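# Analysis of the macromolecular model
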Amino acid sequence: MKNRALLSSWQKLKNLAEQNKNVHMNDLFAIDKQRFEKLSIELPSLLLDYSKNLITDETMASLMSLARECEVEGWREKMFSGNKINFTENRAVLHTALRSRTSKPLNLDGVNITDDINNSLSKMKIFTDKVRQGQWLGFSGKRITDIVSIGVGGSNLGPQMVTEALHQYSDHCLNVHYVSNVDGTQIADTLRPLNPEKVLFIISSKTFTTSETMTNAKTALKWLTSASFDDTAVEKHFIAVSANKENVINFGIKAENIFDMWDWVGGRFSLWSAIGLPIALYLGFEKFLELLDGANEIDQHFCNAPLEENAPVILALLSVWNCTFLGAQSQALLPYDQPLHMLSAYMQQAEMESNGKSVSWEGDSIEYPTVPTIWGEIGINGQHAFYQYLHQSNNIVPADFIGSVESVTPVQGHHETLMANFFAQTQALMAGVDEEQVRIDLKAKGYTQEYIDKVASHKVHKGNRPTNTILMERISPKSIGSLIALYEHKIFVQGIILQICSFDQWGVELGKGLANSIQQELLTGQVSHKHDSSTKSLLKYYMNKKK
Ligand code: F6P
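Quick look at the structure, then. (Residues numbered from 1 in each chain as written. Predicted model: local features only at pLDDT ≥ 70, side-chain atom pairs only at ≥ 80, totals over all residues. Heavy atoms only, no water.)

Leftover empty space is mapped by rolling, across the atoms, a probe with the size of a water molecule. Overall, the coordinates contain three cavities of 30 Å³ or more when judged by the stated rule. A volume near 70 Å³ is recorded for the largest cavity. Residue lining of the largest cavity: 14 residues in total, with Leu318, Asn322, Gln331, Asp400 and Asn468 positioned closest to the centre. Of all elements in the fold, only helix H14 (311-325), strand S12 (399-404), strand S13 (467-472) and helix H21 (477-498) reach the threshold of two or more residues within the lining of the largest cavity. With four residues, H14 is the largest single contributor of residues to the lining of the largest cavity. (1 Å grid on protein atoms, 1.4 Å probe; cavity = no way out; pocket = protein on both sides within 12 Å on 5 of 7 lines; lining within 4 Å. Points joined across faces, edges and corners; volume = space filled by probe spheres on them. Helix = DSSP H or I, 4+ residues; strand = E, 2+ residues; numbered from the N terminus.)

In structure tokens, the structure reads:
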């Protein structure tokens, strides 16, 4: 496999980045009246405008050559057909199959996984209908009113983000709570107001070994069993979603209460599986299917659209352009719809756990910058907090702006104010304002020359800051499914271009292992001599203070 930096398109892009250093997007818009038409894509449930990037026809052509030289189409085919592209773990990557809604067989190691998926969906439907219709009863015969979903990372962020995003679509026949932190505060606060007779716990863990999840699950079990004298309470109140049946059964959950997970679904891509059970319980199974359909629509687009019109491919190439070639080190995600308030937390795991790596497929150190830090907030809140930095700092932060044509909660006068800000920000970030204009404006407002001389340079906005705008028609199960899948495939393409194995996460293992041994030290009070002096002293300080 050729080192990416040696590809001819890579070299071309390097030169273009150098040549474009002094180009301003204002000029690119001025010389090309068709820029928006050329650099935007309309998909069934969203519009992507990427014209406010520092790109020319030549840049786009070179980025497309890069995608071709990196064989993105071939890798896409490998992923969808079940090749073990997660080669460090020897696993296929088939989260797309979870939403293909087909009966067409897909064989993996001699197993038709289409059957497994469809069986799991049927089991989810029967179960969600039962609980939602009040036919699944707790140990004292009362109907379930509250779901407590215990899981962390990919076994939490997706379901929780989607639950929040789609809360307007719930009939609220069930409350859904999420516990991810092993800080006892979260589970204690969650359980305090609840009645154990009416609570159903879902323990979501692909491995069923994650210590935070296991600790929370044991606390939940104790809470339930101390409230009931019924031997069958656990089977009425505990469900698991896991690929590790043995551990689930050893924990005390009945085999019938286990929903399958498979090694070919990565945790951070798993909300489409039974890990999405809390979503289905909250919204109803039909809406869960709409979410899958929205994602499948993007899968079809990703597989069939030419690279030049392929939204996830374009988003990935722009990220590589902005970060690897133009030097941006972080990327903001700025949703304007309040229901999307967890989107950036979700995308942090999706992109940074996937591609936050620096070793190539061959095991060599990658010398070029890979993916940026992903961060963000609800746009309006950000405007009154960190947008100052986006507009005027020396660091360029490319940003994705995400909004909707219609609000899911129309309140008179609100949506136009919201969206006026949405549109204003990307224009301001792109166009900026120069000193001459600042001076003209201040003069027109009647300020003295002395004041103008003092503040003019402070009010200059250089602009030229890249943004993508994603405009959905409206938040809905379908559009949210599409939005997430759009980013999932962006991340996949990014990984191919940067030669990163996107589907493992070895970087979380070292800390996990150390935490296990330190936990033993905390329990026994014996500090190991193997620690560095800082860690050793911190542990001693902590233990002494505790006494
Ligand atoms: O943080 C590491 C990680 O392995 C994630 O990739 C995963 O989503 C999360 O932990 C939870 O893992 P599990 O579902 O096995 O509990």
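Reading across the sheet, the five strands line up as S6-S5-S7-S8-S9 and stay open at both edges, with parallel pairing between neighbours. Unpaired on one side and paired on the other, strand S6 (175-179) and strand S9 (258-260) mark the two borders of the sheet. Recorded for the sheet is a direction-independent mean angle of 20° between the axes of neighbouring strands. Inspection of the sheet shows strand S7 (residues 199-204) paired to strand S8 (residues 238-242) by four bridges, in the parallel sense. Bridge assignment links Ile203 to a residue of S8, and that residue is Ala240. Seen against the sheet, helix H6 (residues 113-132) touches strand S5 (146-150), S7, S8 and S9 and runs at an angle of roughly 140° to S9. (Pairing = 2+ DSSP bridges. Axes fitted to C-alpha atoms, helices over the stretch in contact; angles between N-to-C directions. Contact = heavy atoms within 4.5 Å.)

Our focus in this paragraph is the pairing of S12. Two faces make up the sheet, and in a regular strand the side chains alternate between them. Burial runs high along S12: six of the six residues are buried. Side-chain alternation along S12 places Ala399, Phe401 and Gly403 on one buried face and Asp400, Ile402 and Ser404 on a second face that is also buried. In this structure, strand S10 (residues 330-335) lies alongside S12, joined through four bridges in parallel fashion. The residue of S12 that forms the bridge with Pro335 is Ile402. When S12 meets S13, the two strands line up parallel, connected through six bridges. Residue pairing for S13: Asp400 is matched across the bridge by Asn468. (Buried < 20%, exposed > 50% of the residue type's maximum accessible area, 1.4 Å probe, protein only.)

Neighbouring the ligand are 14 residues; Ser155, Ser205, Thr207, Thr210 and Glu353 lie closest to it. At 2.7 Å, a backbone N or O of Gly154 approaches an oxygen atom of the ligand. Here an oxygen atom of the ligand sits 2.5 Å away from a polar atom, N or O, in the side chain of Thr210. Here the ligand has 390 Å² of accessible area as a free molecule, and 86% of this is covered by the chains. Here the ligand is seated within the largest pocket. In terms of residue class, the shell around the ligand is made up of two nonpolar, nine polar and three charged. (Near = heavy atom within 4 Å. Polar contact = N/O pair within 3.5 Å; in protein donor to acceptor, adjacent residues only side chain to side chain. Areas by Shrake-Rupley, 256 points an atom, 1.4 Å probe, with all protein chains shown as cover. Sits in = over half its atoms within 2 Å of the grid points. Nonpolar A, V, L, I, M, F, W, Y, C, P; charged D, E, K, R; others polar.)

Attention now moves to unusual backbone geometry. Phi is mostly negative for residues that are not glycine, and the peptide bonds are mostly trans. Look at Arg101: it is not a glycine, yet its phi comes out positive at around 50°. Looking at the secondary structure, you find Arg101 in the loop between helix H5 (72-81) and strand S3 (107-108).

Here the structure, examined in full by the defined rule, presents 25 salt bridges. Among the salt bridges present, the one from Glu89 reaches Arg91, with a minimum N-O distance of 3.7 Å. The class of Arg91 is partly exposed, set by a relative accessible area of 24%. Of the charged contacts in the structure, one is a salt bridge between Asp171 and Arg132, with a shortest N-O distance of 2.6 Å. Of this pair, Asp171 sits in the loop between helix H7 (157-165) and S6 while Arg132 sits in helix H6; the two residues are 39 residues apart in sequence, bridging distant segments of the chain. Several salt bridges share partner residues, and in doing so they unite Asp32, Lys38 and Asp57 into one network. (Salt bridge = Lys/Arg side-chain N within 4 Å of Asp/Glu carboxyl O.)

Before going further, it helps to examine the packing of helix H1 (residues 8-19) against helix H4 (residues 57-69). At a minimum axis separation of 8 Å, H1 and H4 run at an interaxial angle of 155°. Here H1 is positioned roughly antiparallel relative to H4, judged by the angle of their axes. Helix-helix and strand crossings are classified by hand; for H1 and H4 the assignment is left-handed. Contacts from Ser8, Ser9, Trp10, Lys12, Leu13 and Leu16 of H1 reach H4 at Glu58, Thr59, Ser62, Leu63, Ser65, Leu66 and Glu69. Its residues assigned to classes, the contact of H1 with H4 comprises five nonpolar, five polar and three charged. (Parallel < 35°, antiparallel > 145°, perpendicular 65-115°, else oblique. Left-handed = near helix turned anticlockwise from the far one by under 90°.)

Turning to helix H9 (residues 211-225), a few remarks are in order. For H9, spanning 15 residues, the distance from its first C-alpha to its last is 21 Å, which sits close to the expected 21 Å at 1.5 Å a residue. Of the positions making up H9, those classed as buried are Thr213, Met214, Asn216, Ala217, Ala220, Leu221 and Leu224. All buried residues of H9 lie within an arc of 165° about the axis, which places them on one face of the element. The exposed set on the far side of H9, more than 90 degrees from its buried face, consists of Lys218 and Lys222. (Expected span 1.5 Å × (residues − 1). Arc of directions from axis to C-beta.)

To continue, consider the sheet that holds strand S1 (residues 40-43). If you trace the six strands from one edge of the open sheet to the other, you get S1-S2-S13-S12-S10-S11, paired in mixed fashion. One side of each edge strand has no neighbouring strand; the edge strands of this open sheet are S1 and strand S11 (373-376). When the angles between neighbouring strand axes are averaged without regard to direction, this sheet yields 15°.

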